[in-house]
Each structure stands twice: as structure tokens, then as C-alpha cells.
Amino acid sequence: MSTLEQIKKIRERTGAGVVDVKKALDEAGGDEVKALELLKKRGQDKALKKSDREAKEGVIGSYIHTNGKIGVMVKIFCETDFVARNEDFLGFSKDIAMHIAASDPKYLDPEEVSLDLVEKEKIIWREQLAAEGKPENIVDTILIGKEKKYREEVALLTQPFVKDPSKTVREVVTEFIARIGENIQIGSFERFEI
């Protein structure tokens, strides 16, 4: 059912192994979109299996913007020193640092966003909604959605990835875990700007 051209195309796009791509294409009846979905799901399954393994090696990824006025340092952890020295891993760490430079996240995960900060934003949102004439009975429901969106916008893992906005940074990490075969975690990061 799968052609060599399809396998090559999907393999280049996903980094998945030839056998995995062929199996996904066969299960999807030759439908490339369905095969990509199957591979994505399996990649997430692989990532979940690896997420409990200790990641104590890694690198400090960095990026300095071409104007020299924005710089980023980020800790990226993996399981082995071998992977930490791998070119793909080093490129991945630079991509994450570049994303941080471009998107300026304040937190790693949405759950880490300060409650005080969210409460200050809620005051502003409530005033805006009142000015728009929104009925009081739906304001609380709107605020729940606004809070969720705000937390996702200021947290690195839930931001759209700058090199492929169709994916979040978390999805990019998950795909990289599936491709590299080790648990990968983003640690702390710092963004500097003049």
C-alpha cells in the first residue's frame, strides 16, 4: 500500500524510522495525513514512556539575535552525555533558545504563572468586559477562558513554536523525544534584552 516515495517524504518530515513509517502508511491505507497522525500519536506514546526516566545530562543552549540586543540561555536536559553532544540535540537546544528570544515567555509551564499576576489581569479584563456591556452572569465564564489563554501565551511549553506555529513547544519537545529516544526536558531559562 505504501510507496517508497511516500515513505521517504514522511520520514524526512517526521524523522521516524522507515519501518514505523511503512507500518503507519499501511494502517492508514496509504493516506499520508492519517499516517502522520498515527506517527504523531505513537511519538507521544513513546515520549510518555520515557518521561519517568531521569534526565541529568544536557547542555546550556544559547542564542544571540543578529542585532546583538537580545540573548537567551536555556538548560536542556537529556539522559546521557552521548545525546548531549549529538548535533541534533545541540541544534534543538539552539532552536528552543531562539524561540525564547522571539516569543519572550515568562514561565516554563502554564501552571507556574503567578496567581498574583493572573488576579491583576482579571481586574483589567473585568473592567474591559463591563465597558463592553457584557452581562454579569457570563463574565465569570469569559474570565475562565481569558485566564487559560493568558497562561498559555506567557508559558514557554504552550506557545506556538516559532519555526512551526502549527505546533506548541511541548509538541516539538515530544516529537524530539520520540525521534532521539531519550527523555528531554527544558529547565530554567533567561532572556536578556538591551
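Residues numbered from 1 in each chain as written. Predicted model: local features only at pLDDT ≥ 70, side-chain atom pairs only at ≥ 80, totals over all residues. Heavy atoms only, no water.

On to the pattern of salt bridges. All chains considered together, the criterion is met by 17 salt bridges. With its nearest N and O atoms 3.9 Å apart, the salt bridge here joins Glu153 to Lys149. On the criterion of helical spacing, the pair formed by Glu153 and Lys149 is a turn pair, its members being 4 residues apart in helix α7 (residues 136-154). The exposure class of Glu153 is partly exposed, given its relative accessible area of 44%. (Salt bridge = Lys/Arg side-chain N within 4 Å of Asp/Glu carboxyl O. Helix = DSSP H or I, 4+ residues; strand = E, 2+ residues; numbered from the N terminus. Buried < 20%, exposed > 50% of the residue type's maximum accessible area, 1.4 Å probe, protein only.)

Our focus in this paragraph is unusual backbone geometry. Even without glycine at this site, Asp104 takes up a positive phi of about 50°. Note on placement: Asp104 falls in the loop between α5 (87-103) and α6 (115-131). Asp104 sits in the partly exposed class, given a relative accessible area of 28%.

The subject of this paragraph is the sheet that holds strand β5 (residues 185-193). Ordered by their spatial adjacency, 3 strands build an open sheet running β1-β2-β5, and the pairing between neighbours is antiparallel. At either margin of the open sheet sits one strand with a lone partner, and together these are β1 (57-64) and β5. Recorded for the sheet is a direction-independent mean angle of 15° between the axes of neighbouring strands. Bridging between strand β2 (residues 70-78) and β5 involves 7 bridges; their strand directions are antiparallel. (Pairing = 2+ DSSP bridges. Axes fitted to C-alpha atoms, helices over the stretch in contact; angles between N-to-C directions.)

Right, let's get into the packing of aromatic side chains. Applying the stated criterion across every chain, the model contains 3 aromatic pairs. Centroid distance Phe92 to Phe176: 4.2 Å. Interplanar angle 0°. Geometry classified as stacked. Of this pair, Phe92 sits in helix α5 while Phe176 is found in helix α8 (residues 169-180), placing the two residues 84 residues apart along the sequence. Residue Phe92 is classed as buried on the basis of its relative accessible area, which comes to 6%. (Phe/Tyr/Trp six-rings, centres within 6.5 Å; stacked < 30°, edge-to-face > 60°.)

Moving on: α7. Compared with an ideal rise of 1.5 Å per residue, which puts 19 residues at 27 Å, α7 spans 27 Å between its outermost C-alpha atoms and is within 8% of the ideal. Buried-residue contacts for α7 involve α6. (Expected span 1.5 Å × (residues − 1). Contact = heavy atoms within 4.5 Å.)

With that settled, consider the pairing of β2. Both β1 and β2 contribute to a ladder of 8 bridges, which runs antiparallel. If you follow Gly61 over to β2, its bridge partner there is Val74.

This next bit is on the packing of α6 against α7. At a minimum axis separation of 10 Å, α6 and α7 run at an interaxial angle of 135°. Our classification of the angle between α6 and α7 gives oblique. For the pair α6 and α7, the sense of crossing is right-handed. When α6 is examined against α7, the residues Leu115, Leu117, Val118, Glu121, Lys122, Trp125, Arg126 and Leu129 are found in contact with a partner set consisting of Glu136, Val139, Asp140, Ile142, Leu143, Lys146, Glu147, Tyr150 and Arg151. Residue composition of the contact of α6 with α7, by class: 9 nonpolar, no polar and 8 charged. (Parallel < 35°, antiparallel > 145°, perpendicular 65-115°, else oblique. Left-handed = near helix turned anticlockwise from the far one by under 90°. Nonpolar A, V, L, I, M, F, W, Y, C, P; charged D, E, K, R; others polar.)

This brings us to the nonpolar core. Among the nonpolar cores identified, the biggest contains 27 residues, and Ile96, Ile184 and Ile186 are the most heavily contacted of them. For Ile96, the residues in contact, after removing those within four places along its chain, are Val74, Ile76, Phe161, Val169 and Ile186. (Core = buried A, V, L, I, M, F, W, Y, C linked by side-chain atoms within 4.5 Å.)

Another point: a nonpolar patch on the surface. Among the surface-exposed residues, Ile60, Met73 and Phe192 lie close enough to one another that they form a single nonpolar patch of about 310 Å² accessible area. With a relative accessible area of 44%, Met73 lands in the partly exposed category. (Patch = residues over 30% accessible without salt bridge, like charges linked within 9 Å, V, L, I, M, F, W, Y side chains within 5 Å. Areas by Shrake-Rupley, 256 points an atom, 1.4 Å probe, with all protein chains shown as cover.)

Another aspect to go through is helix α2 (residues 18-27). Within the sequence span of α2, burial applies to Val21, Ala24 and Leu25. For α2, the arc enclosing every buried residue in end-on projection is 100°, short of the 170-degree limit, so these residues lie on one face. Immediately downstream of α2, the backbone of Gly29 shows phi near 65°, a positive value. (Arc of directions from axis to C-beta.)

Next up on the list: the environment of Lys75. Of note, Lys75 is situated in strand β2. Spatially, the C-alpha atom of Lys75 lies 6.1 Å from that of Ile186, the residues being 111 residues apart in sequence. Those residues in contact with Lys75, other than ones at most four positions away along the chain, are Val59, Ile60, Gln185, Ile186, Gly187 and Ser188.

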